[in-house]
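For reference, the chains in residue letters:
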Amino acid sequence: MLTFVGLGLYDERSVTVAGRDAIRDADRVFAEFYTSRLVGTDLETLEDVLETSIEVRDRAGIEQDPEPILEAAESEDVVFCTAGDTMVSTTHTDLRLRAADRGIETRIVHGTTAQTAAGSLTGLQNYRFGKATTLPFEDAHGGDGVPDSVVATIEDNRERDLHTLVYLDIKVDDPHWDESDDTYMTASKAAAMLSEPFPDTLGVVVARAGSPDPLVAADTLDALAAQSFGEPLHLLVIPGSLHPLEADALESIAGAELE
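Conventions adopted
- Residues numbered from 1 in each chain as written.
- Predicted model: local features only at pLDDT ≥ 70, side-chain atom pairs only at ≥ 80, totals over all residues.
- Heavy atoms only, no water.
- Pairing = 2+ DSSP bridges.
- Helix = DSSP H or I, 4+ residues; strand = E, 2+ residues; numbered from the N terminus.
- Axes fitted to C-alpha atoms, helices over the stretch in contact; angles between N-to-C directions.
- Contact = heavy atoms within 4.5 Å.
- Core = buried A, V, L, I, M, F, W, Y, C linked by side-chain atoms within 4.5 Å.
- Buried < 20%, exposed > 50% of the residue type's maximum accessible area, 1.4 Å probe, protein only.
- Domains from an automatic or database assignment.
- Buried area = accessible area lost by both parts, 1.4 Å probe.
- Salt bridge = Lys/Arg side-chain N within 4 Å of Asp/Glu carboxyl O.
- Polar contact = N/O pair within 3.5 Å; in protein donor to acceptor, adjacent residues only side chain to side chain.
- UniProt positions renumbered as here; feature names shortened; annotations may be inferred.

**Q** Hey, could you run me through the sheet that holds strand S7 (residues 164-168) in this one?
**A** In any sheet, the strands associate via hydrogen bonds between backbone groups, in a parallel or an antiparallel arrangement. A sheet is described by the order of its strands in space; here 5 strands give the open sequence S6-S7-S10-S8-S9, paired in mixed fashion. Only two strands of the sheet have a single neighbouring strand rather than two, namely strand S6 (133-135) and strand S9 (215-220). Strand after strand, the sheet turns through a mean of 25° between neighbouring axes, direction not considered. Where strand S8 (residues 202-207) lies against strand S10 (residues 234-238), 4 bridges are found, and the strand directions are antiparallel. Bridging across to S10, Val 205 finds its partner in Leu 236. Sitting on the sheet, helix H6 (residues 114-122) touches S7, S8, S9 and S10, and the angle it makes with S7 is about 120°. Sitting on the sheet, helix H9 (residues 187-194) touches S6, S7, S8 and S10, and the angle it makes with S10 is about 30°.

Listed below in structure tokens is the structure:
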């Protein structure tokens, strides 16, 4: 059996009871934290609370060399963990299909996702979110400014009057990334980058979703670029037009001045 467990958004308490039980009952537990991570905890605390030993794999150890995980799951109960939801925010469908090809039974224990948290915290209606996109560091994509694909996604959503959730790049355990550089893109950095292709545009910042002190702020991208939103992780939403209830929510919850 190979069970995929989403650990939720913030710390060792974010995992569901079902996820915790699956982890504690497993013979071996693997995890990856390169696509996202629980910034409110560390590996030692996670292992202590979940009463297990966790074998952390890097990107190559999941995408290029999944054999140790699959081999273990052929004869033992194995859990593979990620932050968020393992099949939404961090997609590992390939690993699940590889397991199925080898006759390994799989199941999923879901965790809270950044996308659902963004809708809940901001008051923006979940069904009005279009395709999401990720804004990378300039050094990561080898270009200047905002990639054309990110601009196109936001423009397409705006044309259809949909909100865009913009995930912000993180660099964890990346051998090509200088340790002196920022690990987490901030919402202010993202707002500054996006204000060039989208001037005078409303943006909504979500910081530390899932933590005891999440922050939501709404303003023009230029104004958001000049602010600081504290510790990671950050998200940025570019809304479409607002339903009156959404407008009320952004004014009340996020301090927006929508006139």
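**Q** Help me out: how do you make sense of the nonpolar core in this one?
**A** Note that soluble globular proteins tend to have their nonpolar side chains buried in a common cluster. With 23 residues, the main nonpolar core has Leu 135, Leu 168, Leu 194, Leu 221 and Leu 236 as its most contacted residues. Listed by contribution, the elements that provide at least two residues to this core are helix H8 (148-159), S7, H9, S8, helix H10 (221-225) and S10. Considering every element that reaches this core, the biggest residue donor is H9, with 5 residues. Grouped together as the second largest cluster of nonpolar side chains are 18 residues, Ala 117, Tyr 167, Ala 209 and Ala 254 included.

**Q** Is there a simple way to explain the pairing of strand S1 (residues 2-6) in this structure?
**A** The side chains of a regular strand alternate, residue by residue, between the two faces of the sheet. Taken across its 5 residues, S1 has 5 buried, putting it largely inside the fold. Of the two faces of S1, the one holding Leu 2, Phe 4 and Gly 6 and the one holding Thr 3 and Val 5 are both buried throughout. Bridge count between S1 and strand S4 (residues 78-82): 5 bridges; the pairing is parallel. Bridging across to S4, Phe 4 finds its partner in Phe 80. When S1 meets strand S5 (residues 106-109), the two strands line up parallel, connected through 4 bridges.

**Q** Is there a simple way to think about the domain arrangement of the protein chain in this case?
**A** Taken domain by domain, the protein chain holds domain 1 (1-107) and domain 2 (113-252). Using only C-alpha atoms to locate each centre, domain 1 and domain 2 end up separated by 27 Å. Between domain 1 and domain 2 the total buried area reaches about 1100 Å² when both faces are included, carbon and sulfur atoms providing 67% of it. In this structure, the connection of domain 1 to domain 2 is made through 0 salt bridges.

**Q** Which parts of the structure should I look at to understand the side chain of Arg 128?
**A** With respect to the helices, strands and loops of the structure, Arg 128 is situated in the loop between H6 and S6. For Arg 128, a relative accessible area of 10% puts it in the buried group. A distance of 2.6 Å separates the side chain of Arg 128 from the side chain of Glu 246, its partner in a polar contact. Once residues within four sequence positions are removed from consideration, Arg 128 is found in contact with Asp 161, Leu 162, His 163, Ser 241, Leu 242, His 243 and Glu 246.

**Q** Quick question: what am I supposed to make of unusual backbone geometry here?
**A** Most peptide bonds adopt trans geometry, and most residues besides glycine take a negative phi value. Of note, the amide linkage connecting Pro 232 to Leu 233 takes the cis form, showing an omega dihedral of -5°. Inspection of the secondary structure puts Leu 233 in the loop between H10 and S10. The backbone phi angle of Asp 161 is positive, close to 65°, even though this residue is not glycine. The residue Arg 208 is not glycine, and still its phi comes out positive at about 60°.

**Q** Sorry, what's going on with the UniProt feature "binding site: S-adenosyl-L-methionine" (unreviewed entry) in the protein chain here?
**A** Sites flagged by UniProt as "binding site: S-adenosyl-L-methionine" (unreviewed entry) map to Leu 9, Asp 85, Val 88, Thr 113, Ala 114, Leu 168, Ala 209 and His 234. By secondary structure assignment, the location of Leu 168 is in strand S7. The exposure class assigned to Leu 168 is buried, which follows from its relative accessible area of 10%. In contact with Leu 168, not counting residues within four places along its chain, are Leu 135, Met 185, Thr 186, Ala 187, Ala 190, His 234, Leu 235 and Leu 236. You can see His 234 is positioned in strand S10. Once you skip the residues sitting within four places of it in the chain, His 234 turns out to touch Leu 168, Met 185, Thr 186, Ala 187, Val 206, Ala 207, Arg 208 and Phe 229.

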